[in-house]
Structure formats: structure tokens, C-alpha cells
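Spelled out from the first residue to the last, the chains are:
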Amino acid sequence: MNGVSGQGSSMAAVGGRARAGRIVSMVVALSLSLPASSWAAPSTDEKALVDDFQQGQRLENEGKFVEAAEVYQAVYEAIEEGKGKHSWKAQALAKYVEALERAHDADRDPEHLRRARALVVQYEAVLRAVYAGDAESLNGYGYCTDALARLDETLAAFPEEPELEPEPEPAGEPEPEPQPAPEPEPEPEPEPEPSPPAVDRGLLIGGAVATTFGGLSAVGMGVSLGFGTRARTDYREGPTRADRDAAAAMGRRANASAIATGIIAAALVTGGAVLLAVALRRARPHDDSTARACRRWAAPFQARWGMF
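Residues numbered from 1 in each chain as written. Predicted model: local features only at pLDDT ≥ 70, side-chain atom pairs only at ≥ 80, totals over all residues. Heavy atoms only, no water.

**Q** What should I look at first to understand the overall build of the protein chain in this one?
**A** In terms of regular secondary structure, the protein chain is built from 9 helices and 0 strands. Reading the helices (α) and strands (β) of the protein chain from amino to carboxyl end gives α-α-α-α-α-α-α-α-α. Out of the 308 residues in the protein chain, the part that is buried amounts to 31%. In the protein chain, the share of contacts with a sequence separation of at least 24, taken over all contacts with a separation of at least 6, comes to 69%. (Helix = DSSP H or I, 4+ residues; strand = E, 2+ residues; numbered from the N terminus. Buried < 20%, exposed > 50% of the residue type's maximum accessible area, 1.4 Å probe, protein only. Contact = heavy atoms within 4.5 Å.)

The structure is reproduced here in C-alpha cells:
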């Protein structure tokens, strides 16, 4: 029994060393495709990535494989594909996969391999999106193909367990049937409001007409005053006596017309304002449209004479 167990351990160790040898060979192949810059000779902007990569190597040498994989993943995600750093990104991915495979060798947890496989599949899709038909010619793409085959072969021994459906909850006591809601009591009908007294539209129309004609008469008075002013100018500048007499006669007619239209305007405006005031006072207890119209119409007279 012990001999069989020892033989199995020896075979696992040999398989682990063989896999490690393949990974090292792939990393070396990726390194050979580097341009003038490399991990060993970074520029100033690349120094942080190199430091993180070396930190991952230290953690891996200390046996902290999961922590090392997280550092390699951060380096992988910080490098943008297609910016002359293809080999850098591929190396970070290879070290990430290697660290998780070593973590699996230590605790036999297949979740490490599933994490590694997910990132390899993602990187393969990135290469197709960036390089299109030229993706398969890249060393990184070849590494993805070999890594997926190796990971799938190892994961075949760890079939994923089907998710168990949750057990139905035990049936509790039946809920009581809902009782019909009590009918609401009818609300008492509101008492009808008393109808407002009818507004005397005759007063309203009469006041509006009177104030309108009063305004027109005031305009006529202004016109007459204008003619009177013109007559005075003609009288002073008339070359002959006949012209001055004609201007004087026109001035007298203009003055008479101005006086008459002024009196008429004052009478009409005053009478119209009185009619509007009476209509407004009758409509004031009820704020209906007619009352509001009265107030708007009478507002100028209220401001001038304080009648309302």
C-alpha cells in the first residue's frame, strides 16, 4: 500500500516538474520576442511594473502562490495590449497561470485552475480583437492555446458539482381568508350654495360705453387744442391782415371745440365711472368673472378718484 502511494507521489512530482519545465520554456520563448526594452532594463515609466513583477517573484519563491498570482494579475491588467508591450503582457499572464498551478499543486483546489483558465480565455479574446487575423502568429496566442489544453486536461479530473436547488420551505398554516372591508358610510351631501345675485349688465355696458366715448372726446379735445396752437402760429406769421383774420377765426373755433369736447369728456368719463362703480359694488360679494371684469375696467378710475 505504501509502495503504491509513494509511486503515485513520485508520478505527481514528475508531472509537476514536467509542467514547470514547459512553463519555463514558454516564458523563455516569450522573453526572446522582446524588443530593445525588457524586464531587466525598463525605462523610467516602466519601473513600477518591473518592481511589481519582481515582488510577485519574491512571493512565489516564498511559497505564497495565491498572493503572487494577484500581483502578476495586477501587472497584466496594467499593461495595454498593442502598445509594443505584447511580450510583457504575455509574460505576466504566464507567471499568473504558473503561480495558480503551483497553488493547486499545494492544496489541490481546482478553483485556482479555473481562475487561471478564465484569464487565459480573456487574453485570447483580447488578441483576436487587437490583431484580428494576425493574432495566431503571436507567441502569446500560442501560449494561450497550450495553456488552455493543459488546464482543461487537469480540470477534467475535477468535474463541477451541479448546483443544488433549494429545498421548498415547509408549508405553514393557511392564511386566514380576507374579510370583506366594511362599506363606507355615505357622506352627507353638501348644501347648495346660494346663487349670487345677477349682475346688472346694463350698468356694466353703459359704464363701459360712457368711459370709452369720454376717452374719445378727450382725444378730440387734444386735437382741437392742437389746431388752436397752429392758429396762433399762423396769426403771428400771417403776411396780410386777411390771413391773420382767418387764423384768428380758426383759433376761436378750435378753442370752442376744445372746451366743448373737454366738458363732454369729463361728463362721460364721470358718468361711466359712476355706472361701473355701482356695477362693481353689486358684484363684489361674489368673485365671479363679471366682478373681476368690472374691477379691471374700473382700476384706472379707482387709482385717480378713489371711487371704489
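That was the structure; now back to the text.
**Q** Teacher, can you tell me more about the side chain of E124 here?
**A** By the element assignment, E124 lies in helix 5 (residues 110-131). If near-sequence neighbours (up to four positions away) are discounted, E124 is found in contact with Y141, C144, T145 and L148.

**Q** I tried to follow the pattern of salt bridges on my own but got confused; where do I start?
**A** When their charged atoms lie close together, side chains carrying opposite charge are able to pair. Here the structure, examined in full by the defined rule, presents 9 salt bridges. Taking the shortest distance from any N to any O, the salt bridge between E101 and R150 comes out at 2.8 Å. One end of the pair, E101, is in helix 4 (residues 86-107); the other, R150, is in helix 6 (residues 139-155), and 49 residues separate them in sequence. Here E101 falls in the buried class, since its relative accessible area comes to 3%. Residue R150 is classed as buried on the basis of its relative accessible area of 6%. Connected through shared salt-bridge partners, E60, K95, E98 and R102 make up one network. (Salt bridge = Lys/Arg side-chain N within 4 Å of Asp/Glu carboxyl O.)

**Q** In this structure, what is going on with the confidence of the model for the protein chain? I would like to understand it.
**A** In this model, the protein chain carries an average pLDDT of 75, and 67% of its residues clear a pLDDT of 70 or more. Helix 3 (residues 65-78) holds the highest mean pLDDT among the elements of the protein chain, 94, whereas helix 1 (residues 2-32) holds the lowest, 43. Scored below 50 in pLDDT, residues 1-18 makes 0 contacts in the model with residues more than four places away or belonging to other chains. Every residue in residues 23-44 is under pLDDT 50, and counting partners more than four places away or in other chains gives 36 contacts. (pLDDT = per-residue confidence, 0-100.)

**Q** I'm lost on the packing of helix 5 against helix 6 in this one. Help?
**A** Between two packed helices, the angle of one axis relative to the other and the distance separating the axes together describe the packing. In the contact formed by helix 5 and helix 6, the axes pass within 9 Å of each other and the chain directions differ by 150 degrees. One way to sum up the angle between helix 5 and helix 6 is to call them roughly antiparallel. For the pair helix 5 and helix 6, the crossing hand works out as left-handed. Residue-level contacts link P110, L113, R114, A116, R117, V120, V121, Y123, E124, L127 and R128 of helix 5 to G140, Y141, C144, T145, A147, L148, L151, D152, T154 and L155 of helix 6. (Axes fitted to C-alpha atoms, helices over the stretch in contact; angles between N-to-C directions. Parallel < 35°, antiparallel > 145°, perpendicular 65-115°, else oblique. Left-handed = near helix turned anticlockwise from the far one by under 90°.)

**Q** Just checking my understanding: could you explain the nonpolar core for this structure?
**A** Soluble globular proteins tend to pack their nonpolar side chains together in the buried interior. Ranked by size, the top nonpolar core spans 34 residues in total, and within it L93, Y96, V97, V120 and Y123 carry the most contacts. Breaking this core down by element, the ones donating at least two residues are helix 2 (47-61), helix 3, helix 4, helix 5 and helix 6. Excluding its chain neighbours within four sequence positions, the residues that come into contact with Y96 are A69, Y72, Q73, R115, A116 and L119. (Core = buried A, V, L, I, M, F, W, Y, C linked by side-chain atoms within 4.5 Å.)

**Q** Explain the packing of aromatic side chains here, please?
**A** Each aromatic ring pair is specified by the distance between its two centres and by the angle formed by the two planes. Tallied over the entire structure, the rule returns 2 aromatic pairs. The interplanar angle of 55 degrees and the centroid separation of 5.5 Å between the aromatic rings of F53 and Y72 together place this pair among those described as tilted. Placement of F53 in helix 2 and of Y72 in helix 3 is noted, with a sequence separation of 19 residues between them. Grouping residues by exposure puts F53 and Y72 together as buried. Each ring, one from Y76 and one from Y123, has its centre 5.7 Å from the other, and the planes form 80 degrees; the classification is edge-to-face. A residue pair is termed long-range when its members are at least 10 positions apart, and Y76 in helix 3 and Y123 in helix 5 qualify at 47 residues. A residue is classified by how much of its surface remains accessible, and Y123, at 0% relative accessible area, is buried. (Phe/Tyr/Trp six-rings, centres within 6.5 Å; stacked < 30°, edge-to-face > 60°.)

**Q** What should I look at first to understand a nonpolar patch on the surface in this one?
**A** On the surface, a cluster of nonpolar side chains totalling about 400 Å² of accessible area is made up of I205, V209, F213 and L216. Relative to the elements of secondary structure, L216 occurs in helix 7 (residues 201-237). (Patch = residues over 30% accessible without salt bridge, like charges linked within 9 Å, V, L, I, M, F, W, Y side chains within 5 Å. Areas by Shrake-Rupley, 256 points an atom, 1.4 Å probe, with all protein chains shown as cover.)

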